[in-house]
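Read off the chains here:
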Amino acid sequence: MVREPTKVKAHSLTGRITEPVMRRAFKNVKRNRGAAGIDKVSVQMFEANLDENLAALMRDLKQGTFEPKPLRRVFIPKGNDRTKLRPLGIPSVRDRVAQEVLRQLLSPIFERQFHEDSFGFRPGRNCHMAIERVLQLGRQGYREVLDADISGFFDHAC
């Protein structure tokens, strides 16, 4: 018995990676004023050769040859207790621009599929809104809460 291959609907987004998208991504990264990554290239240094840097990054993204650099690891104080530190990974500026390009392209596709009560790392949503939603559900009579707390998981998994 010969099985027909399953048809998978797939569309390439590489055609949507354009110069305006790249420039908008850099502008968003620059606005966040992040630190340099492991390559020690700051936002200002990246901007000094912006046209060349964006063109090279766009080529790598379109050709599928983009490879992110390792994160620069720094330790920052954890909460109010200044004696406890938590690791923070800082991507290179180039990698942050690539991430922002992908966010711009993927967010409109996937954002509408998320559950309306999902608040983590969503545009226009925050922890205060999540708490308000829990309180609202409590006022509606719901009495049970399911929670999956992964606090600290990524400190040890990476």
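Along each chain, numbering runs from 1 in the same order as the chain's sequence is written. Per-residue local features of the predicted model are confined to residues with pLDDT of at least 70, and side-chain atom pairs are confined, for both listing and counting, to 80 or more; whole-chain, interface and lining totals are unaffected and use all residues. Where side-chain values are given, they derive from all heavy atoms of the structure, hydrogens and water being excluded.

(A) Quick peek at the overall build of the protein chain. Helix and strand content of the protein chain: six helices and two strands. The helix and strand labels rest on DSSP assignments: H or I over at least four residues marks a helix, E over at least two residues marks a strand, and numbering proceeds from the N terminus. Listed by position from the N terminus, the elements making up the protein chain come as α-α-α-β-β-α-α-α. Residues are treated as being in contact if the distance between any of their heavy atoms lies within 4.5 Å. Within the protein chain, residue pairs in contact and separated by at least 24 positions form 60% of the contacts whose partners lie at least 6 positions apart.

(B) Quick peek at the nonpolar core. Residues grouped as a nonpolar core are buried Ala, Val, Leu, Ile, Met, Phe, Trp, Tyr and Cys residues, joined through side-chain atoms within 4.5 Å. Buried, partly exposed and exposed residues are distinguished by accessible area as a fraction of the type maximum, computed with a 1.4 Å probe on protein chains only: under 20%, between the cut-offs, and over 50%, respectively. With 17 residues, the main nonpolar core has Met22, Phe26, Phe46, Leu54, Leu61, Val97 and Val101 as its most contacted residues. Taken together, the elements giving at least two residues each to this core come down to α1 (19-32), α2 (43-48), α3 (50-63) and α4 (93-110).

(C) The arrangement of the packing of α3 against α4 in detail. Axis definition: a line fitted to C-alpha atoms, limited for helices to the stretch in contact. Angles are taken between N-to-C directions and run from 0 to 180 degrees. At their nearest, the axes of α3 and α4 sit 11 Å apart, and the two run at 55° to each other. Accordingly, the angle class assigned to the pair α3 and α4 is oblique. Regarding α3 and α4, the two cross each other, and that crossing is right-handed. Between α3, through Leu54, Ala56, Leu57, Asp60 and Leu61, and α4, the contact on the second element is made entirely by Arg94, Val97, Ala98 and Val101. Taken together, the residues of the contact of α3 with α4 break down into seven nonpolar, no polar and two charged. Our angle categories are set so that under 35 degrees counts as roughly parallel, over 145 as roughly antiparallel, 65 to 115 as roughly perpendicular, and the remainder as oblique. In this scheme, a crossing is called left-handed if the near helix is turned counterclockwise away from the far one by less than a right angle; it is called right-handed if the turn is clockwise. As a working rule, the residues Ala, Val, Leu, Ile, Met, Phe, Trp, Tyr, Cys and Pro are called nonpolar, Asp, Glu, Lys and Arg charged, and the rest polar, with Gly in that last group.

(D) Expanded view of unusual backbone geometry. Not every positive phi belongs to a glycine, and Arg33 is a case in point at roughly 50°. Inspection of the secondary structure puts Arg33 in the loop between α1 and α2. Unusually for a residue other than glycine, Lys40 sits at a positive phi of about 65°. Structurally, Lys40 is set in the loop between α1 and α2.

(E) Structural context of the pairing of strand β1 (residues 72-78). In this description, strands pair whenever DSSP reports at least two bridges between them. Two elements, β1 and strand β2 (residues 81-90), share seven bridges in a ladder whose sense is antiparallel. Each bridged residue has a counterpart across the sheet, and for Val74 the counterpart in β2 is Leu88.

(F) The arrangement of α1 in detail. For α1, which comprises 14 residues, the first-to-last C-alpha distance of 20 Å matches the rise-based estimate of 20 Å (1.5 Å per residue) to within 8%. By the burial criterion, the buried members of α1 are Val21, Met22, Ala25, Phe26, Asn28 and Val29. Looking down the long axis of α1, one finds its buried residues gathered within 160° of arc, a one-sided arrangement. Across α1 from its buried face, at more than 90 degrees, point the exposed residues Pro20, Lys27 and Arg31. Lining the buried residues of α1 we find α2, α3 and α4. Multiplying 1.5 Å by the helix residue count minus one yields the expected span of that helix. In this context, the arc is that of the directions from the helix axis out to the C-beta atoms.

(G) Looking closely at the pattern of salt bridges. When a carboxyl oxygen of Asp or Glu is within 4 Å of a side-chain nitrogen of Lys or Arg, the pair counts as a salt bridge. Within the structure shown, the criterion is met by nine salt bridges. Salt-bridge contacts for Glu19 lead to Arg23; the nearest nitrogen and oxygen are separated by 3.2 Å. With a gap of four residues between them, Glu19 and Arg23 both fall in helix α1, about one helical turn apart. Glu19 sits in the partly exposed class, given a relative accessible area of 48%. Across the pair Asp60 and Arg59 runs a salt bridge, and its minimum N-O distance is 3.9 Å. A relative accessible area of 44% places Arg59 in the partly exposed class. Among the ionic contacts, a cluster of salt bridges with common partners joins Glu19, Arg23 and Asp51.

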